[in-house]
Amino acid sequence: MRQLSVPELVRACAALGIQGVGLWREPVREFGVVRAARAVREAGLTVTSLCRGGFFTAVDPAERAAALASNRAAVDEAAGLGTSTLVLVSGGLPQGERDLAAARERVADAIAELVPYAADMGVRLAIEPLHPMFASDRCVVSTLAQALDLAERFPAERVGVVVDTYHVWWDDRTPQQIARAGADGRIAAFQLADWVTPLPEGALLGRGQLGDGCVDLRGLRELVDRAGYDGPIEVEVFSPALWERPGDEVVAETARRFREFVL
């Protein structure tokens, strides 16, 4: 909720009986990790996840080292906030590169380097696949199957996956991949947003408020339930139209939409 500070967000959630909140690194770092953790705790909430780490696909050694350093810092921030889940967005193809498979292997290599550090800090890494539209610039991991292929190289308690309705709703393999993830205890986070057409602000900022689009939100929630996931459900909608409205109003609307279209 870009228009709300961390304290304003947690107060709005607490007023509606929402018990947890997923946070993004940028506003947390601006406000301060210690202060953010205190604000969440004093409001009676917990931090469900921290978004995001990742962007592991660089070929240049210096860029790779910088990415790993940033991710270790993200692990520290997650631990400081009291969440055990750090969401990872893999990164897109570096300029001039065209080999998606090689880029995914660099992601796997980076995760392998990060896992021991995250384990020591009590943080689980959660690989999030993004819609294929993002493969070139943000995320070479485009499906739950690809995310699971990476995650399954590591113990389930160390590396899981994120099921985000905005990114997986279109894939006819999603039901079986959710079941696959659940069977191994790999679902680390479940996130909601709707798909509206045409995308009002492009792929990145074109997410729809719950119920405004074509995603079977309740059906996907039921699949995740059947797969054994009983953790938090996060709503993650990037929308300038929503950001222009009063934040408390949007939080309350989202809670109503959640009850109407998800439960």
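Residues numbered from 1 in each chain as written. Predicted model: local features only at pLDDT ≥ 70, side-chain atom pairs only at ≥ 80, totals over all residues. Heavy atoms only, no water.

K.L.:
Even after reading the chapter, I still don't get helix α5 (residues 100–120), so can you show me in this structure?
P.N.:
Spanning 21 residues, α5 covers 31 Å between terminal C-alpha atoms, matching the ideal 30 Å at 1.5 Å per step. The largest bend along α5 measures about 35° and falls at leucine 114, with the proline proline 116 one to four residues further on. Considered for burial, the residues of α5 that qualify are Ala103, Arg104, Arg106, Val107, Ala108, Ala110, Ile111, Leu114, Val115 and Ala118. Buried-residue contacts for α5 involve α4 (61–81), β3 (85–89), β4 (124–127), α6 (144–151) and β5 (159–164). The backbone nitrogen of alanine 101 lies 3.2 Å from a side-chain oxygen of the residue at the head of α5, namely aspartate 99. Once α5 ends, the next one or two residues include glycine 122, with phi positive near 75°. (Helix = DSSP H or I, 4+ residues; strand = E, 2+ residues; numbered from the N terminus. Expected span 1.5 Å × (residues − 1). Bend = angle between axes of the 7 residues up to and from the residue. Buried < 20%, exposed > 50% of the residue type's maximum accessible area, 1.4 Å probe, protein only. Contact = heavy atoms within 4.5 Å. Polar contact = N/O pair within 3.5 Å; in protein donor to acceptor, adjacent residues only side chain to side chain.)

K.L.:
When you look at unusual backbone geometry in this model, what are you seeing that I'm missing?
P.N.:
With the exception of glycine, most residues fall at negative phi, and the peptide bonds are largely trans. A cis amide bond links cysteine 51 with the next residue in sequence, arginine 52, at an omega value of 10°. In this structure, arginine 52 sits in strand β2 (residues 46–54). Of the consecutive residues threonine 197 and proline 198, the connecting peptide bond is found in the cis state with omega at -5°. Mapped onto the elements, proline 198 comes out in the loop between β7 (194–195) and α9 (202–205).

K.L.:
Where do I start with the sheet that holds β4 in this structure?
P.N.:
One key point about sheets: their strands pair by backbone hydrogen bonds, in either a parallel or an antiparallel sense. Pairing within the open sheet is parallel, and its seven strands lie in the order β1-β2-β3-β4-β5-β6-β9. Looking along the sheet, the strands with just one partner apiece sit at the ends: β1 (20–24) and β9 (233–235). The sheet shows a mean angle of 30° between the axes of neighbouring strands, direction not considered. Bridge analysis of strand β6 (residues 187–192) against β9 gives three bridges, and the strand direction is parallel. Bridge pairing in β9 links glutamine 191 to glutamate 234. Helix-sheet contacts for α6 involve β4 and β5, and the interaxial angle to β5 is about 170°. (Pairing = 2+ DSSP bridges. Axes fitted to C-alpha atoms, helices over the stretch in contact; angles between N-to-C directions.)

K.L.:
What am I meant to see in the packing of aromatic side chains here?
P.N.:
Here a ring pair, both rings aromatic, is described through the centre-centre distance and the interplanar angle of the planes. A full pass over the atoms with the stated rule returns three aromatic pairs. When the ring of tryptophan 24 is compared with that of phenylalanine 238, the centres are 5.5 Å apart and the planes differ by 80°; the resulting orientation is edge-to-face. One end of the pair, tryptophan 24, is in strand β1; the other, phenylalanine 238, is in the loop between β9 and α11 (240–243), with 214 residues separating them in the sequence. Since its relative accessible area comes to 26%, tryptophan 24 is described here as partly exposed. The exposure class assigned to phenylalanine 238 is buried, which follows from its relative accessible area of 17%. Taken together, the aromatic side chains of Tyr166, Trp169 and Trp195 make up a single cluster linked through ring pairs. (Phe/Tyr/Trp six-rings, centres within 6.5 Å; stacked < 30°, edge-to-face > 60°.)

K.L.:
What is the right way to look at the nonpolar core in this model?
P.N.:
One broad rule of soluble globular proteins: the nonpolar side chains tend to lie buried together. In terms of nonpolar packing, the biggest core is built from 75 residues, with Leu23, Ile111, Leu125 and Ile178 touching the most fellow members. Looking at this core element by element, the count peaks at eight residues for α5. Ignoring sequence-local partners within four residues, the contact set of leucine 23 consists of Leu9, Val28, Val40, Val47, Ser49, Leu50, Cys51 and Leu81. If you look at the next biggest cluster of nonpolar residues, it comprises six residues, including Cys51, Val87, Val162 and Ala188. (Core = buried A, V, L, I, M, F, W, Y, C linked by side-chain atoms within 4.5 Å.)

K.L.:
Would you explain the side chain of threonine 174 in this entry?
P.N.:
By the element assignment, threonine 174 lies in helix α8 (residues 174–183). Among the residues examined, threonine 174 registers a relative accessible area of 3% and is labelled buried. Look past the residues within four positions of threonine 174 in its chain and what remains in contact with it is Leu144, Val168 and Leu220.

K.L.:
What is the right way to read the pattern of salt bridges from this model?
P.N.:
It is possible for side chains of opposite charge to pair when their charged atoms get near one another. Counted under the stated rule, the structure contains 14 salt bridges. One salt bridge in this structure joins arginine 186 and aspartate 184, with 2.8 Å as the shortest N-O distance. One salt-bridge network, in which partners are shared between bridges, spans Arg25, Arg29 and Glu77. (Salt bridge = Lys/Arg side-chain N within 4 Å of Asp/Glu carboxyl O.)

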